[in-house]
Amino acid sequence: MFRRISQFCKQLFDDSQTSKNQEIETLDSGLSLEIVPRDSHSISRRQISENALKVLYRLHKSGYKAYLVGGGVRDLLLGLEPKDFDVVTDATPEDIKKLFRNCRLVGRRFRLAHIVFGRDIIEVATFRGHHSHGNDKTSKANASGRLLRDNVYGSIDEDAERRDFTVNALYYDISDFSIRSYGGGLQDLKSGTLRLIGDPETRYREDPVRMLRAVRFATKLNMQIDASAAAPIRKLAHLLSDIPSARMYEEALKLFFAGKGEANFEMMQEYGLFQPLFPLLHSCIKENPKDPAARMIQMVMANTDARVNQDKPVTPAFFYAALLWYPLRTRAEEIALESGLPLYDACFAAMGDILEDQCRSISIPRRFTAPARDIWQMQLRFERSQNPRAFKLMESPKFRAAYDLLQLRGEAEGGAVAKNAHWWKNFVQADEATRTVIAKSGPKAGGRKRNRNPRRRKRSDSSNGSAAE
Ligand code: ATP
Ligand code: MG
């Protein structure tokens, strides 16, 4: 993909910008502005969604300024299919509401208009301006500089200053089909550089999620984070712990469910950004980088990427159940030791704890935590379900996901778990008649006695054995 992008860029810039010597002006703010006319860039209206065009035209015909902005313009220039089209205008949310019957006003931190076309939503924002100090109603920051409200309206030039990266400060003007590029966005697109607009530390403090966006765009677009944008990330990574967990859930979806999860995980580790999102997992792998939890993370990320890239369905229920399995095991062992509960029961108690802890940073909706619990419970039942229970277990709606997790655990841990995973694989892959034979001769057929007292149980290290042994 990288080659395709760079070839495309080369063609784009060789054919157009560089040959026509565009004027670049410097605004009072210090930000540069380059305007590229229609005949000098590659974006055509045919590439823009019909609904986005409808919105742009209606605003324009009603006397407002209207631009396609951000990722949509960036991706079109790179020859990629934009995920969504965002529109920006000088009409206020109230003006927009009057123009479109299918308009919904949303957002508190950023007040936005959503124009709804069935399942397609075009987001329309009003140009953002500078913060007027002291006006709590429109703009507000907390002690670390994070913006809690950002509803001051301004001009397009001011709006550009509020964008995150220069490659996202690109505007396609519906009035004359030109592109406005601020802060050298087009040049950065050409060289594959992610550069923040303004002072990086201030911009990360205003919104720490920009650090995650830097990683996401670097892997998605195969770009380099500019040295000045990369430098403060390690120091400021902890600020992510302050971000509301519901927003973090959305960001995690973009990071891990778009086919670049493994690359994002690795880069997040490099910058210390994984810890604030997954503190439980971080402590597992920090103490022992060879912990099966580390292998599990890598396998889950790689599997999820492979599924996304093959257009197969993925679910946060499996993703979080698999990632959090080892922290769950560790917590269950602690509870068992403290309380004397059998490990099997301690595991049930630990499920609530682990989910509660994880949801402090990433609030996983209940519709996914409930099936994640089922997937965990089935891990315990796999240990104890030989004939005839094995047949019953297979009928459970969560069997497939739970079985997949067992296979991953087998690979991560080896030993007894790998043996059990292997037994289940044989069982699942066999025909009905062979299954009956396998079920009778399972590794634990005849039933191995469960050691109910964990104090007497030889304490295996957390990398081996199973929670229900
Ligand atoms: P993608 O949709 O591919 O994830 P995008 O750049 O379009 O990437 P969006 O989240 O759709 O990202 O945002 C649209 C635009 O809004 C961005 O291109 C950027 O200009 C601006 N933007 C979004 N989030 C921020 C932020 N946290 N800080 C500053 N500007 C932002
Ligand atoms: Mg977008």
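Quick notes on the rules
Residues numbered from 1 in each chain as written. Chains lettered and ligands numbered in written order. Predicted model: local features only at pLDDT ≥ 70, side-chain atom pairs only at ≥ 80, totals over all residues. Heavy atoms only, no water. Core = buried A, V, L, I, M, F, W, Y, C linked by side-chain atoms within 4.5 Å. Buried < 20%, exposed > 50% of the residue type's maximum accessible area, 1.4 Å probe, protein only. Domains from an automatic or database assignment. pLDDT = per-residue confidence, 0-100. Contact = heavy atoms within 4.5 Å. Helix = DSSP H or I, 4+ residues; strand = E, 2+ residues; numbered from the N terminus. Polar contact = N/O pair within 3.5 Å; in protein donor to acceptor, adjacent residues only side chain to side chain. Near = heavy atom within 4 Å. Areas by Shrake-Rupley, 256 points an atom, 1.4 Å probe, with all protein chains shown as cover. Nonpolar A, V, L, I, M, F, W, Y, C, P; charged D, E, K, R; others polar. Phe/Tyr/Trp six-rings, centres within 6.5 Å; stacked < 30°, edge-to-face > 60°. Lys NZ or Arg CZ within 6 Å of the ring centre and 35° of its normal.

## A short note on the nonpolar core
Ranked by size, the top nonpolar core spans 127 residues in total, and within it Leu-273, Trp-376 and Trp-424 carry the most contacts. In terms of domain composition, this core takes at least three residues from each of domain 1 (2–204) and domain 2 (277–440). With 15 residues, the next largest nonpolar core counts Leu-27, Val-69, Phe-127 and Ala-169 among its residues.

## Details of the confidence of the model for the protein
Mean pLDDT for the protein: 88, with 86% of residues reaching 70 or above. Below pLDDT 50 for its whole length, residues 15–19 participates in 13 contacts with residues either more than four positions away or in separate chains. Taken as a whole, residues 445–469 scores under 50 in pLDDT and shows 55 contacts with residues more than four places along the chain or in a different chain.

## A look at the side chain of Thr-126
Mapped onto the elements of the fold, Thr-126 is located in strand 7 (residues 120–126). There is a polar contact of 2.8 Å between the side chain of Thr-126 and the backbone oxygen of Ala-91.

## Focus: the site of ligand 1
Close to ligand 1 lie 17 residues, the nearest being Lys-83, Asp-207, Arg-210, Arg-216 and Lys-220. Within the contact set of ligand 1, an oxygen atom lies 3.0 Å away from a side-chain nitrogen or oxygen of Arg-213. Burial of ligand 1 by the surrounding chains reaches 87%, relative to a free accessible area of 590 Å². Sorting the residues of the shell around ligand 1 by element identifies helix 3 (71–77) and helix 8 (209–221) as the ones contributing at least two each. By residue number, the principal contributor to the shell around ligand 1 is helix 8, which donates five residues. Residue composition of the shell around ligand 1, by class: one nonpolar, three polar and 13 charged.

## Remarks on the packing of aromatic side chains
To describe a pair of aromatic rings, you give the distance between the ring centres and the angle between the ring planes. Going through the model one piece at a time under the given rule, you end up with 20 aromatic pairs. Between Phe-265 and Phe-274, the ring centres sit 4.8 Å apart and the planes meet at 80°, which makes this aromatic pair edge-to-face. Both residues of the pair, Phe-265 and Phe-274, belong to the buried class. Aromatic rings pair up to connect Phe-256, Phe-257, Phe-265, Phe-274, Phe-278, Phe-319 and Tyr-320 into one cluster. The residue whose ring lies beneath Arg-216 is Phe-217, and the NZ or CZ to ring-centre distance is 5.0 Å. The lysine or arginine in question, Arg-435, covers the ring of Phe-427, its NZ or CZ lying 5.8 Å from the ring centre.

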